[in-house]
Amino acid sequence: MWRVVYMAQTKTIADHISDILNKEGFLIKLKPVYKNVPDEENYYEILAPQTEAQEVHDILMENGF
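Reading the values: the criteria
- Residues numbered from 1 in each chain as written.
- Predicted model: local features only at pLDDT ≥ 70, side-chain atom pairs only at ≥ 80, totals over all residues.
- Heavy atoms only, no water.
- Helix = DSSP H or I, 4+ residues; strand = E, 2+ residues; numbered from the N terminus.
- Buried < 20%, exposed > 50% of the residue type's maximum accessible area, 1.4 Å probe, protein only.
- Contact = heavy atoms within 4.5 Å.
- Pairing = 2+ DSSP bridges.
- Axes fitted to C-alpha atoms, helices over the stretch in contact; angles between N-to-C directions.

Asks: Can you walk me through the side chain of Ser 18 in this structure?
Replies: Locating Ser 18 in the fold gives a position in helix H1 (residues 11–23). Ser 18 gets classed as buried once you look at its relative accessible area, which sits at 11%. For Ser 18, the residues in contact, after removing those within four places along its chain, are Ile 28 and Leu 30.

This is how it looks when you write it as structure tokens:
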């Protein structure tokens, strides 16, 4: 099961966070919140497997998110 670990305000921020977490070895999904909104104006849910959510949260905190 997937769990939302962060809500990013833009696609650029979501991609940056995804890159950080992927480099740490986590499997991450990005999901836009709205359907008919341009990428740079949309919000994005960053999802991780529920079993890794706490570790992902710790990494996000270490990186200032």
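Asks: I would appreciate a short explanation of the sheet that holds strand S2 (residues 29–32) in the present structure.
Replies: In any sheet, the strands associate via hydrogen bonds between backbone groups, in a parallel or an antiparallel arrangement. An order of S1-S3-S2 is seen for the three strands of this open sheet, with the pairing classed as antiparallel. Strands with a single pairing partner mark the edges of an open sheet, and in this sheet they are strand S1 (2–8) and S2. Within the sheet, the average angular offset between the axes of one strand and its neighbour, ignoring direction, is 30°. In terms of strand pairing, S2 meets strand S3 (residues 44–49) through four bridges, oriented antiparallel. Bridging across to S3, Leu 30 finds its partner in Ile 46. Sheet contacts for H1: S1, S2 and S3; angle to S3, the most-contacted strand, approximately 20°. Most of the contacts of helix H2 (residues 53–62) go to S1, to which it runs at about 20°, and overall it touches S1 and S3.

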